[in-house]
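Analysis of the macromolecular model
Here is how the chains run, residue by residue.
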Amino acid sequence: MRRWQLAAADGRKLDVVDAGPLDGLPIVVHHGTPGSAMLAPEWIADAESRGLRLISHSRPGYAASDRRPGRTVGQVVEDVGAVANALEIVRFATWGLSGGGPHALACAALMPDWVVAASSISGVAPYPAAGMDWLAGMGELNVEEFNLALSGDEAGVLGAAEQMAAELRNATVEQVRSAFASLLSPEDQRILTGPFGEYLAASLADALAPGGAGSADDDLAFARPWGFEVEQIAVPTQVWQGGQDRMAPAAHGAWLAGHIPGVDAHLEPDFGHLTVAATGIGAVHSWLAQHF
């Protein structure tokens, strides 16, 4: 795994990670909320076995990436474009986990000449999603944070995020499970152990080292217009959503599946928020690779 820094067009510092063969088919990975550019060893191993190159960057405010207050979901394409240009990549696939899901969809919608296919894994629908109760089924922690974001209380969102950062930047796996207890279904409690649990704890520590601003800015971005409509996506797109997900409940995946043209939907009743990330990323990589 290679980690390096890049200057964005506006001079911000971007934290970038890539892994796998340098001549492999490129796949841009968007991390969760909170999260960082760190890639799970299991994802790297699967990519290498398929001749894929994984490329990730920490969104503004996370890890070593400079903050960009007021950013929208759609503005991620500016940073992805900067990374792709630096690597001389003209076509890539993309997937995003949790808070990364909307950012993968942004690339699909706004970079159709670059993106061959995209996958949203356990991501939220845009707010407001017509005909859906956006907060229904979420765990208590998410409801509290998103109520602040939806009310426009930026100071409250940032305060809550800073408190979370203080609690989690040095947390063990058990402490992470305790902090996120209201968000974890039994399936996710089972997954958040062992090597994958260790990876998530390390990613949280990496992401939150500078504080909670990145997480706060993600939440605020999800609660305001994204800068694109999912209906405009014209590249092959997958949606994965679990019926046991308390972070981005099943209704979010169903809504996305009903609004993204030609979607390849996997609405899995027994899956939690982390199931695909922990055990099914090979299926995502296989599907994405077919579209180059």
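In short, a report on the structure. The model shown is predicted, which means the values in this text are computed figures rather than measured ones. (Residues numbered from 1 in each chain as written. Predicted model: local features only at pLDDT ≥ 70, side-chain atom pairs only at ≥ 80, totals over all residues. Heavy atoms only, no water.)

Before going further, it helps to examine empty space enclosed by the protein. In this structure the tally under the stated criterion is 4 cavities of 30 Å³ or more. Put simply, the largest cavity is a space of about 500 Å³. Forming the boundary of the largest cavity are 32 residues, of which T33, P34, S98, M247 and H273 lie nearest the centre. By residue class, the composition of the lining of the largest cavity is 19 nonpolar, 11 polar and 2 charged. (1 Å grid on protein atoms, 1.4 Å probe; cavity = no way out; pocket = protein on both sides within 12 Å on 5 of 7 lines; lining within 4 Å. Points joined across faces, edges and corners; volume = space filled by probe spheres on them. Nonpolar A, V, L, I, M, F, W, Y, C, P; charged D, E, K, R; others polar.)

Where helix α5 (residues 154–168) contacts helix α9 (residues 213–223), the axes come no closer than 8 Å and their chain directions differ by 140 degrees. When the interaxial angle is binned, α5 and α9 end up oblique. Helix-helix and strand crossings are classified by hand; for α5 and α9 the assignment is right-handed. Seen from α5, the contacting residues are E154, V157, L158, A161, E162 and M164; seen from α9, they are A213, S215, A216, D219 and L220. Of the residues that constitute the contact of α5 with α9, the class distribution is 7 nonpolar, 1 polar and 3 charged. (Axes fitted to C-alpha atoms, helices over the stretch in contact; angles between N-to-C directions. Helix = DSSP H or I, 4+ residues; strand = E, 2+ residues; numbered from the N terminus. Parallel < 35°, antiparallel > 145°, perpendicular 65-115°, else oblique. Left-handed = near helix turned anticlockwise from the far one by under 90°. Contact = heavy atoms within 4.5 Å.)

Okay, the packing of aromatic side chains next. Following the criterion strictly, the structure yields 8 aromatic pairs and no others. With a centroid separation of 6.3 Å and an interplanar angle of 65 degrees, the aromatic rings of F92 and W114 are classed as edge-to-face. Of this pair, F92 sits in strand β5 (residues 92–97) while W114 sits in the loop between α3 (101–110) and β6 (115–121); the two residues are 22 residues apart in sequence, bridging distant segments of the chain. Aromatic ring contacts, followed pair by pair, group W43, W95, F196 and Y199 into a single cluster. (Phe/Tyr/Trp six-rings, centres within 6.5 Å; stacked < 30°, edge-to-face > 60°.)

Structurally, the position occupied by D79 is in helix α2 (residues 76–86). We classify D79 as buried; its relative accessible area is 3%. Within polar-contact distance, the side chain of D79 engages the side chain of R12 at 2.8 Å. Apart from residues no more than four positions distant in its own chain, D79 is found in contact with A8, R12, L14, H57 and P60. (Buried < 20%, exposed > 50% of the residue type's maximum accessible area, 1.4 Å probe, protein only. Polar contact = N/O pair within 3.5 Å; in protein donor to acceptor, adjacent residues only side chain to side chain.)

All right, on to the layout of surface pockets then. When its volume is computed, the largest pocket comes out at roughly 180 Å³. Around the largest pocket, the lining residues are L141, E144, E145, L148, A160, Q163, M164, E167, L168, A179 and F180. Among the elements of the structure, α4 (140–150) and α5 are those that each provide at least two residues to the lining of the largest pocket. At 5 residues, α5 tops the list of elements feeding residues into the lining of the largest pocket. For the lining of the largest pocket, the residue count by class is 7 nonpolar, 1 polar and 3 charged.

Glancing now at the pattern of salt bridges. Under the counting rule described, the total for this entry stands at 13 salt bridges. With its nearest N and O atoms 2.8 Å apart, the salt bridge here joins D18 to R2. Pair noted here: D18 is in strand β2 (residues 13–19) and R2 is in strand β1 (residues 2–7), with a separation of 16 residues, a long-range link. On the accessibility criterion, D18 (2% relative accessible area) is buried. On the basis of relative accessibility, which here comes to 32%, the residue R2 falls in the partly exposed class. Among the ionic pairs, R190 bridges to E187, the shortest N-O distance being 3.1 Å. (Salt bridge = Lys/Arg side-chain N within 4 Å of Asp/Glu carboxyl O.)

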